[in-house]
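Residues per chain, in single letters:
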Amino acid sequence: MGVTIASVVIFLFIIFFMLYANSFFIRQRKKEFGLYLLLGMSERQITLLVFYETLIIGAISLMTGILLGGLLSKFFGMLLMNLMQYDNVITFSFPFRAIGTTALLFLFLVFIISIQNFIMVHRVQLVELFHAKEKVEKPMKSSTIYAIFSLILLATAFILISRGRESSIWQEHATFGMIAVTVGIIGGTYLFFRQFSGWLLQIIQHKRKYYEGNRVLWTSSLRFLLRSNTLNLTFISLFSTAIIFLIGFVCINYAVQFEAVGRNLPNDIAYQSVDKKTNEKIHTILKNSEHPVEYHNTLAGLAGIPISDRSIAFDNPEYYMNDVILFPEKAYNEIVFLRGDDEKVELHGKEAISLSQGTDLNKLYDKNEQPSFIVKVGKETTFTIAEKKDYALLGWSTDPERSMQIKPAVLVISDQAFQTLKSNAEMKFFEIYQIKNAKQAEVLSREVHSLVTRTPGAYYSSFADVYSNQIESSSLLLFSAAFLAVIALFALASVIYFKQLQEATEEQRQYSILRKIGVDDREMKMVIRKKLLFVFLPPLVLGILYSWFILKYYILDSVQDFPQLNNMIWGILVIYFFIYLLFYLSSTNIYFKIVNQKQ
């Protein structure tokens with residue numbers, strides 16, 4: 001399903017990109033088409049000519065793509081298996097179904113492009129075709145008020161994002177916050193390039209040293225092109241944000257899964273004791289399996305019915321069982337010690353700690369602020385919640401087919417309170433096993449699950465039931481997102497390339513004049529570099545800032561137990577910067593070659 005969704009998204013993206021690219025090339029060829037019309041060709045003949053060109057190029061691309069896809073299938077298959085930590089052998093393959101689907105999609109793409117070509121050729125007149133490349137741009141008049149307003153919008157967005165999702169703004173006014181951030185980012189970015197950039201160029205123009213060096217050459221050129229570049233630069237900024245955020249999110253998701261599954265299911269196999277005979281049979285099965293038992297514990301707890309609202313003790317109570325299980329601190333601390341976790345507790349009287357698994361951040365209450373939580377354990381007893389702890393004594397209940405289902409609601413109480421209550425309460429016993437190589441114990445889990453679930457409603461939890469599903473899904477998500485990001489980067493590079501190609505073609509005459517009045521190649525390259533730096537740098541900086549703020553305050557701050565993730569995100573930003581730097585260097589080189597051509 002994940003690959004199918006990714007394939008659809010990629011194809012829709014390719015359609016959008018190809019329409020954009022085709023529109024650019026058709027506009028560049030309007031003068032050529034005008035000459036054909038002047039020589040007597042009809043609009044129908046020109047449309048057929050362009051259709052045949054598209055068909056031939058599409059056929060070559062299709063055959064090349066199928067060949068490369070088949071040759072690279074083994075490499076990418078091995079990469080996917082490595083992400084999933086599987087040992088499957090991957091062979092070269094050319095599946096006919098995939099080839100047929102790809103061919104149909106290409107035919108559909110050719111059909112859409114042909115319709116676009118037909119409309120573009122039939123919409124323009126002969127006179128317009130000869131003047132297709134003549135473009136009259138007026139310098140942008142920028143407003144100081146709008147320039148300042150763009151900075152206010154951007155600052156508002158950054159401030160709201162940096163408050164974090166735990167702040168009162170996002171907790172109580174989430175809709176308002178979302179609208180304000182969206183308007184701040186999109187509107188602020190647009191006005192930044194539309195008004196602030198022009199205002200900044202005007203400030204540079206009024207400086208005393210404006211006419212020194214080559215400053216007048218690249219600033220005056222930018223002022224004339226700001227109007228046509230605004231949407232393009234806004235798109236690049238937002239698109240860069242989306243790409244970085246997508247890759248950052250899926251990488252975090254993949255990296256966290258390996259440890260997160262262990263936190264959500266800390267016991268390799270755990271189940272509620274049903275009867276002595278079944279327990280002995282399960283123990284024998286585990287002992288004789290390919291996954292030897294490392295240790296076995298029996299936990300005794302009290303069954304309780306919550307009288308108070310469960311949200312007092314457990315965040316998102318809909319994910320928890322209706323009843324509450326109370327364990328003594330001694331039994332809890334013993335399990336914590338065996339796991340090697342630094343999560344021991346010390347309680348007194350009617351103090352309790354709720355194991356609100358999935359809270360993300362532990363919540364420790366002051367003595368005078370501890371909420372009361374009433375539980376019926378034989379009789380109604382009022383506990384004070386000393387802490388909400390993001391920790392699992394008993395993990396999610398699981399099913400080999402449906403993975404995670406629901407979490408047990410667990411309270412840890414003092415040993416004294418446990419001893420006082422247990423005489424009048426229903427006792428529940430849980431068998432906890434740690435086994436070797438639990439990641440590959442799916443078959444064993446199915447066998448034990450079938451025995452436990454003969455008793456309706458009995459609790460069962462297995463690490464293996466969730467691990468394979470979580471790792472597979474996160475691996476496929478990372479794999480699909482990486483493909484989407486690569487295609488998006490190529491598309492982004494092409495959009496930048498097309499825009500610079502268009503501007504360079506239109507400015508050939510101006511640069512030819514500069515060359516005639518004595519401007520050498522070195523000086524012209526410097527002008528082009530400064531001009532394009534002004535175009536490339538702001539979208540890059542804004543894209544990195546947007547994505548970093550969102551990732552930092554809404555994802556990284558929620559997984560503070562994974563400090564290595566910060567370095568991973570910085571690594572992604574550095575890689576993106578160098579890829580973008582290559583775009584910049586390539587564009588400056590192409591730009592210079594075009595303006596250096598003799599007309």
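Further up the page is the structure itself.
The structure displayed is predicted, hence computed values, not measured ones. Each chain carries its own residue numbering, running from 1 in the direction its sequence is written. Local features in this predicted model are restricted to residues of pLDDT 70 or higher, and side-chain atom pairs are both shown and tallied only at a pLDDT of 80 or more, whereas totals for entire chains, interfaces and linings draw on every residue. Calculation of side-chain values draws on the structure's entire complement of heavy atoms; hydrogens and water are dropped beforehand.

Colleague: Any chance you could explain unusual backbone geometry here in plain terms?
Modeller: Keep in mind that most residues, glycine aside, have a negative phi and that most peptide bonds are trans. The phi angle at Asn316 is positive, at roughly 50°, despite the residue not being glycine. Going along the chain from the N terminus, every DSSP run of H or I of four or more residues is numbered as a helix, and every run of E of two or more is numbered as a strand. Counting through the fold element by element, Asn316 comes out in the loop between β2 (293–306) and β3 (320–328). The phi dihedral of Asn437 is positive, around 50°, even though this residue is not glycine. Structurally, Asn437 can be placed in the loop between β10 (426–435) and α13 (442–452). Exposure is judged per residue with a 1.4 Å probe applied to protein chains only, and the accessible area is read against the type maximum: over 50% gives exposed, under 20% gives buried, and values in between give partly exposed. Relative accessible area serves as the criterion here: at 46%, Asn437 is assigned to the partly exposed category.

Colleague: Would you mind going over the pairing of strand β7 (residues 379–389) with me for this structure?
Modeller: The side chains of a regular strand alternate between both faces of the sheet. In this scheme, strands are said to pair when DSSP sees at least two bridges between them. In this sheet, β7 lies alongside strand β4 (residues 351–355) in parallel orientation, the contact comprising five bridges. Residue pairing across strands places Ser354 opposite Lys388, the latter belonging to β7. Relative to β7, strand β5 (residues 363–364) is paired through two bridges, and the arrangement is antiparallel. Directly across from Leu364, in β7, lies its bridge partner Glu387. Taken together, the six bridges between strand β6 (residues 372–377) and β7 define a ladder with antiparallel strand orientation. Within β7, the residue paired with Phe373 across the bridge is Phe383.

Colleague: Got a minute to help me understand the pairing of β3 in this structure?
Modeller: As defined by bridge partners, β2 adjoins β3 across three bridges and the pair is classed as antiparallel. Of the residues in β3, the one forming a bridge with Ala303 is Ile325. When β3 meets strand β9 (residues 403–413), the two strands line up parallel, connected through six bridges. Within β9, the position partnered with Pro328 by the bridge is Ile413.

Colleague: Would you mind showing me how to read the nonpolar core here?
Modeller: One broad trend across soluble globular proteins is that nonpolar side chains are buried collectively. Of all hydrophobic cores here, the largest spans 85 residues; its most connected members are Ile252, Tyr511, Phe536, Ile569, Tyr576 and Tyr580. When residues in this core are grouped by element, the largest group, 15 residues, is from helix α9 (residues 215–264). The criterion used for residue contact is that any of the two residues' heavy atoms lie within 4.5 Å. Dropping the residues within four chain positions of it, Tyr576 is found in contact with Ser240, Ile243, Ile244, Leu489, Leu492 and Leu540. Formed by 22 residues, the second largest nonpolar core is a distinct cluster that contains Leu286, Val448, Ala464 and Ile471. Put simply, a nonpolar core is a bunch of buried Ala, Val, Leu, Ile, Met, Phe, Trp, Tyr and Cys residues held in one set by side-chain atoms that sit within 4.5 Å of each other.

Colleague: Got a minute to help me understand the packing of aromatic side chains in this structure?
Modeller: Given two aromatic rings, their pairing is described by the distance between the two centres and the angle made by the two planes. Aromatic rings from Phe, Tyr and Trp, taking only the six-membered ring of Trp, are treated as a pair when their centres fall within 6.5 Å; an angle between ring planes under 30 degrees marks them as stacked, one over 60 as edge-to-face, and anything in between as tilted. Scanning the model with the defined rule gives 25 aromatic pairs in all. Between Phe245 and Phe249, the ring centres sit 6.2 Å apart and the planes meet at 20°, which makes this aromatic pair stacked. Taken together, the positions of Phe245 and Phe249, both in helix α9 and four residues apart, correspond to about one turn of that helix. By the ring-pair criterion, three or more aromatic residues cluster together here, those being Phe536, Tyr576, Tyr580, Phe583 and Tyr584. For a lysine, the NZ atom is tested; for an arginine, the CZ atom; a charge sits over a ring if that atom is within 6 Å of the ring centre and within 35 degrees of the ring normal. Here the guanidinium or amino end of Lys525 rests over the ring plane of Phe592, the centre of that ring lying 5.0 Å away.

Colleague: Whenever I open this one, the packing of helix α6 (residues 144–162) against helix α8 (residues 174–205) confuses me. Can you help?
Modeller: When two helices pack together, their arrangement is captured by the angle between the axes and the distance separating the axes. Interaxial angles span 0 to 180 degrees and are taken between N-to-C directions of axes, which are lines fitted to C-alpha atoms, for helices over the stretch in contact. Orientation of α6 relative to α8, taken along the N-to-C sense of each, is 145°, at an axis distance of 7 Å. Considering the relative orientation of α6 and α8, their crossing is left-handed. Residue composition of the contact of α6 with α8, by class: 16 nonpolar, eight polar and no charged. In this scheme the crossing of two helices becomes right-handed for a clockwise turn of the near helix relative to the far one and left-handed for an anticlockwise turn of less than a right angle. Residues are sorted three ways: Asp, Glu, Lys and Arg are charged, Ala, Val, Leu, Ile, Met, Phe, Trp, Tyr, Cys and Pro are nonpolar, and all the rest, Gly among them, are polar.

Colleague: Help me out: how do you make sense of a nonpolar patch on the surface in this one?
Modeller: Only residues whose relative accessible area exceeds 30% and that take part in no salt bridge are eligible for patches, with like-charged residues grouped when within 9 Å of each other and nonpolar side chains (Val, Leu, Ile, Met, Phe, Trp, Tyr) grouped when within 5 Å. Areas reported here follow the Shrake-Rupley algorithm with a probe of radius 1.4 Å; residue values treat only the protein chains shown as occluding. Salt bridges are identified by distance alone: a Lys or Arg side-chain nitrogen within 4 Å of an Asp or Glu carboxyl oxygen. Taken together, the side chains of Leu48, Tyr52, Leu55, Ile56, Ile60, Met63, Leu104 and Leu107 present a nonpolar region at the surface, about 800 Å² in accessible area. Those elements that provide at least two residues to the nonpolar patch are α3 (43–84) and α4 (96–123). In terms of residue count, α3 provides more of the nonpolar patch than any other element does, six residues in total.

Colleague: How do you make sense of α8 when you look at a structure like this?
Modeller: Working note: α-helix, 3.6 residues per turn, so residues spaced by three or four point in the same direction. Taking 1.5 Å as the rise per residue, α8 with 32 residues should run 46 Å; its terminal C-alpha atoms sit 43 Å apart, in good agreement. To get the bend at a given residue, fit one axis to the seven residues ending there, fit another to the seven starting there, and take the angle between those axes. Its maximal kink placed at Phe192, α8 deviates by approximately 45°. By this rule, a helix spans an expected 1.5 Å times one less than how many residues it contains.

Colleague: Is there a simple way to explain the packing of helix α2 (residues 30–38) against α3 in this structure?
Modeller: Between α2 and α3, whose axes approach to 10 Å, the crossing angle comes to 135°. On the basis of their axis angle, the class for α2 and α3 is oblique. You can see that α2 and α3 cross each other, and the crossing is right-handed. Residues Phe33, Tyr36 and Leu37 of α2 lie in contact with α3, whose contacting residues are Glu43, Ile46, Leu49 and Val50. Its residues assigned to classes, the contact of α2 with α3 shows six nonpolar, no polar and one charged. Angle categories: roughly parallel below 35 degrees, roughly antiparallel above 145, roughly perpendicular from 65 to 115, and oblique for all the rest.

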